[in-house]
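Descriptive analysis of the structure
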Amino acid sequence: ETGVTQSPTHLIKTRGQQVTLRCSSQSGHNTVSWYQQALGQGPQFIFQYYREEENGRGNFPPRFSGLQFPNYSSELNVNALELDDSALYLCASSSLAGGLRTDTQYFGPGTRLTVL
Amino acid sequence: QKEVEQNSGPLSVPEGAIASLNCTYSDRVSQSFFWYRQYSGKSPELIMSIYSNGDKEDGRFTAQLNKASQYVSLLIRDSQPSDSATYLCAVNSAAGNKLTFGGGTRVLVKP
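Overview of the structure. (Residues numbered from 1 in each chain as written. Chains lettered and ligands numbered in written order. Predicted model: local features only at pLDDT ≥ 70, side-chain atom pairs only at ≥ 80, totals over all residues. Heavy atoms only, no water.)

Quick look at the state of the cysteines now. Formally, a disulfide is one covalent bond, and it connects the sulfur atom of one cysteine to the sulfur atom of another. All names here are of chain A. Applying the stated criterion across every chain, the model contains 2 disulfides over all chains. The partner cysteine of C23 in its disulfide is C91, sulfur to sulfur 1.7 Å. Disulfide C23 to C91: torsion about the S-S bond roughly -45°, handedness left-handed. One end of the pair, C23, is in strand 3 (residues 19-24); the other, C91, is in strand 9 (residues 87-94), with 68 residues separating them in the sequence. (Disulfide = S-S within 2.5 Å. Helix = DSSP H or I, 4+ residues; strand = E, 2+ residues; numbered from the N terminus.)

Below, the structure written as structure tokens:
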């Protein structure tokens, strides 16, 4: 158990709908990263949030957006869902700090999104 | 060329043998390297992190890093059926804000 929680566990949506996924980071961690993992592939980086601001973004369109709250929890929002958005969405928490290397990311259990 | 490459497997090893997994990466400025284990339907679980050239041992696992050759490897000694999983190699960006994963190597340990 990493202490990272995600909700919901599973979700079924139809094409064109919008979805919000939630993540609570591990105690003491101030950074949340989101990844998309399609079946049979490695996770793909979506974006990272640090101090409530986006701190890096992967090759995903603007309909993927996020938020981080003062308690370091985070949301991933996806608008205009497409069939290819069906995947396991993973949240990882870590702690960014100058000097000491604290960049290890710990993953939550994931949210399985199915788009029909 | 993919940024992080792994043999997809499956790598089949008998119980008690050593499983050897390899990973190559393209970004020479990468400083942090990780191995995660992922069981089917579950999320990645951290096994090892390595930052310096050479070997790092943790129980039955040994990670090896060679920055000059841009490869990372993972050895699993005394393999057990419970080690059957997909092993993901991940490389952190120089800014420390993005993990790039390989496609994973599926390992099957046969009793």
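And the narrative resumes.
Moving on, we come to the interface of chain A and chain B. At the junction of the two partners, chain A supplies 21 residues and chain B supplies 19 residues. Both sides of the chain A and chain B interface together cover about 1500 Å² of buried area, and 53% of this is carbon and sulfur. At the junction of chain A and chain B, the tally comes to 0 salt bridges. Where chain A meets chain B, there are 5 residue pairs in polar contact (both at pLDDT 80 or more). Elements with a minimum of two residues in the side of chain A that touches chain B: strand 4 (31-37), strand 5 (44-50), strand 6 (53-57), strand 9 and strand 10 (106-107) of chain A. In the side of chain A that touches chain B, the residues fall into 9 nonpolar, 10 polar and 2 charged. (Contact = heavy atoms within 4.5 Å. Buried area = accessible area lost by both parts, 1.4 Å probe. Salt bridge = Lys/Arg side-chain N within 4 Å of Asp/Glu carboxyl O. Polar contact = N/O pair within 3.5 Å; in protein donor to acceptor, adjacent residues only side chain to side chain. Nonpolar A, V, L, I, M, F, W, Y, C, P; charged D, E, K, R; others polar.)

Taken as a whole, this structure holds 11 aromatic pairs over all chains when the rule is applied. Ring geometry for F47(A) versus Y49(A): centroids 5.3 Å apart, planes at 85°, classification edge-to-face. According to the relative accessible area criterion, F47(A) is buried, its value standing at 0%. By relative accessible area, which is 6% here, Y49(A) ends up buried. When the ring of F34(B) is compared with that of Y51(B), the centres are 6.2 Å apart and the planes differ by 90°; the resulting orientation is edge-to-face. With F34(B) in strand 4 (residues 32-38) and Y51(B) in the loop between strand 5 (45-50) and strand 6 (54-58), this residue pair connects regions lying 17 residues apart in the sequence. (Phe/Tyr/Trp six-rings, centres within 6.5 Å; stacked < 30°, edge-to-face > 60°. Buried < 20%, exposed > 50% of the residue type's maximum accessible area, 1.4 Å probe, protein only.)

All right, on to the sheet that holds strand 1 (residues 4-6) of chain B then. All names here are of chain B. Here we have 5 strands laid out as an open sheet, ordered 1-3-8-7-6, and antiparallel in their pairing. Each end of this open sheet is capped by a strand with a single partner; those strands are strand 1 and strand 6. The sheet shows a mean angle of 20° between the axes of neighbouring strands, taken without regard to direction. (Pairing = 2+ DSSP bridges. Axes fitted to C-alpha atoms, helices over the stretch in contact; angles between N-to-C directions.)

Further remarks concern the pattern of salt bridges. Residue and element names in this part refer to chain A. This structure, assessed with the given rule, holds 7 salt bridges over all chains. In this structure, R57 and E54 form a salt bridge, with 3.2 Å as the shortest nitrogen-oxygen distance. The class for R57 is partly exposed, based on a relative accessible area of 30%. With relative accessibility at 39%, the residue E54 sits in the partly exposed group. One salt-bridge network, held together by shared partners, links R63, E82 and D85.

Residues and elements named next belong to chain B. Secondary-structure assignment places E15 in the loop between strand 2 (11-14) and strand 3 (19-25). E15 sits in the partly exposed class, given a relative accessible area of 39%. Considered as a pair, E15 and D83 are 68 residues apart in the sequence and their alpha carbons are 9.5 Å apart. If we skip the residues at most four places from it in the chain, E15 touches S79, Q80, P81, V109, K110 and P111.

The next thing to look at is the environment of S65(A). All names here are of chain A. Inspection of the secondary structure puts S65 in strand 7 (residues 64-68). For S65, a relative accessible area of 26% translates into the label partly exposed. Through-space distance from the C-alpha of S65 to that of Q48 is 11 Å; in sequence the pair is 17 residues apart. Once residues lying within four places of it in the same chain are set aside, the contact partners of S65 are F47, E75, L76 and N77.

Turning next to the nonpolar core. Counting residues in each nonpolar core, the largest one holds 23 residues, and the members touching the most others are L21(B), W35(B), V72(B), L74(B) and Y87(B). Among the elements of the structure, strand 3, strand 4, strand 5, strand 7 (61-66), strand 8 (71-76), strand 9 (85-92) and strand 11 (105-110) of chain B are those that each provide at least two residues to this core. Counting 20 residues, the second-largest nonpolar core is a separate cluster that includes V4(A), V19(A), L76(A) and Y89(A). (Core = buried A, V, L, I, M, F, W, Y, C linked by side-chain atoms within 4.5 Å.)

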